[in-house]
Amino acid sequence: MAGFVRELERRGGPALRLEQRAAGGVGCVVWDAALVLAKFLETGACPLARRHVLELGAGTGAVGIMAATLGANVTVTDLEELQELLLVNIENNKHLVTGSVRAKVLKWGEDVTEFQPPPDYILMADCIYYEESLEPLLKTLKDLTGPDTCVLCCYEQRTMGKNPEIERKYFELLQMDFELEKIPLDKHDEEYRSEDIHIVNIHRKRTNFPS
């Protein structure tokens, strides 16, 4: 299937070139929330150099590849059918990477042993839209996070159909095991920001780990 390229400007050099797919599922284009999160990483709010980073539901790999250009050692993960697109985008941007980046299959709710020990950061952009995927996603987050893992979840607030209900349920379930802190809009990239795209900083509740 023919692709079409999305360029994502970087502060520190040439743009990322991200292939998208004209047909296929939701993971085949660079969503706005991915742009906002990728550009937030560039603000330097989170130190990424030599950190272990995992992206969930990576799609095109935009966010994880940006992290790798900032010195992180990144694993971008998604379903089997998106691996080819991830590999194409890793290859197209490898000359910009100052850390490392690799693609792996990770299906939410399944065993995550190969992704241990817990990463320093987990990145998620627009992963909340299917009600049936909420519990597997939350299981994966619990299985992957350690006491010091920082989860950055960026999502576009949608008002259509069941979206508000799914979003409410996700955050309700999330707060059983995690602390949430919304990152203020003025901390987002000056250009890549929007009133309806939110970034939430998520940590495991301390009480959930044996002392």
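Residues numbered from 1 in each chain as written. Predicted model: local features only at pLDDT ≥ 70, side-chain atom pairs only at ≥ 80, totals over all residues. Heavy atoms only, no water.

Draft legend 1. Expanded view of the packing of helix α1 (residues 32-42) against helix α2 (residues 62-69). At a minimum axis separation of 8 Å, α1 and α2 run at an interaxial angle of 10 degrees. The orientation of α1 with respect to α2, classified from their angle, is roughly parallel. Crossing hand, α1 versus α2: right-handed. For the pair α1 and α2, contact is made by Ala 34, Leu 37, Ala 38, Lys 39, Leu 41 and Glu 42 and by Ala 62, Val 63, Met 66 and Ala 67, respectively. Each residue belonging to the contact of α1 with α2 can be placed in one class, and the counts come to eight nonpolar, no polar and two charged. (Axes fitted to C-alpha atoms, helices over the stretch in contact; angles between N-to-C directions. Helix = DSSP H or I, 4+ residues; strand = E, 2+ residues; numbered from the N terminus. Parallel < 35°, antiparallel > 145°, perpendicular 65-115°, else oblique. Left-handed = near helix turned anticlockwise from the far one by under 90°. Contact = heavy atoms within 4.5 Å. Nonpolar A, V, L, I, M, F, W, Y, C, P; charged D, E, K, R; others polar.)

Draft legend 2. Molecular detail of the pairing of strand β5 (residues 100-105). Inspection of the sheet shows strand β4 (residues 73-78) paired to β5 by six bridges, in the parallel sense. Paired with Asp 78 across the bridge in β5 is Val 105. The parallel pair β4 and β5 is bridged by helix α3 (residues 83-93), and the resulting crossover is right-handed. (Pairing = 2+ DSSP bridges. Right-handed = clockwise from strand over helix to strand, strands pointing away.)

Draft legend 3. The arrangement of the nonpolar core in detail. With 41 residues, the main nonpolar core has Leu 37 and Leu 152 as its most contacted residues. Here this core takes eight residues from α1, the largest share from any one element. When sequence neighbours within four positions are dropped, the list of residues in contact with Leu 152 reads Leu 37, Phe 40, Leu 41, Cys 46, Ile 122, Leu 123, Met 124, Ile 183, Ile 199, Val 200 and Asn 201. (Core = buried A, V, L, I, M, F, W, Y, C linked by side-chain atoms within 4.5 Å. Buried < 20%, exposed > 50% of the residue type's maximum accessible area, 1.4 Å probe, protein only.)

Draft legend 4. Quick peek at the side chain of Thr 77. Checked against the element boundaries, Thr 77 lands in strand β4. Side-chain polar atoms of Thr 77 contact the backbone oxygen of Glu 55, separated by 2.7 Å. Thr 77 has contacts with Leu 54, Glu 55, Leu 56, Gly 57, Ala 58, Lys 104, Leu 106 and Phe 115, leaving out every residue within four places of it along the chain. (Polar contact = N/O pair within 3.5 Å; in protein donor to acceptor, adjacent residues only side chain to side chain.)

Draft legend 5. Layout of the packing of aromatic side chains. Under the definition given, this model contains two aromatic pairs. Between Tyr 155 and Phe 171, the aromatic rings sit 5.2 Å apart at their centres with planes inclined by 50 degrees, giving tilted as the arrangement. One end of the pair, Tyr 155, is in strand β7 (residues 150-156); the other, Phe 171, is in helix α5 (residues 163-174), and 16 residues separate them in sequence. Side by side, Tyr 155 and Phe 171 carry an identical accessibility label, which is buried. Centre to centre, the rings of Tyr 170 and Phe 171 are 4.9 Å apart; their planes meet at 75 degrees, and the pair counts as edge-to-face. (Phe/Tyr/Trp six-rings, centres within 6.5 Å; stacked < 30°, edge-to-face > 60°.)

Draft legend 6. Representation of the sheet that holds strand β3 (residues 52-56). Spatial ordering of the open sheet is given by β5-β4-β3-β6-β7-β9-β8, a layout of seven strands whose pairing is mixed. A single partner strand is all that each edge strand has here, and the edge strands are β5 and β8 (178-182). Neighbour-to-neighbour, the strand axes of the sheet open up by a mean angle of 20 degrees, direction not taken into account. Against the sheet, α3 makes contact with β4 and β5, and its axis sits at roughly 175 degrees relative to β5, the strand it touches most. Strands β6 (121-125), β7, β8 and β9 (197-204) of the sheet are contacted by α5, whose axis makes an angle of about 165 degrees with β7.

Draft legend 7. Inspection of the pattern of salt bridges at higher detail. Under the criterion given, the structure shown has 14 salt bridges. With its nearest N and O atoms 2.7 Å apart, the salt bridge here joins Glu 7 to Arg 17. One end of the pair, Glu 7, is in strand β1 (residues 3-10); the other, Arg 17, is in strand β2 (residues 13-21), with 10 residues separating them in the sequence. Connected through salt bridges with shared partners, the residues Glu 19, Arg 21 and Glu 84 form a single ionic network. (Salt bridge = Lys/Arg side-chain N within 4 Å of Asp/Glu carboxyl O.)

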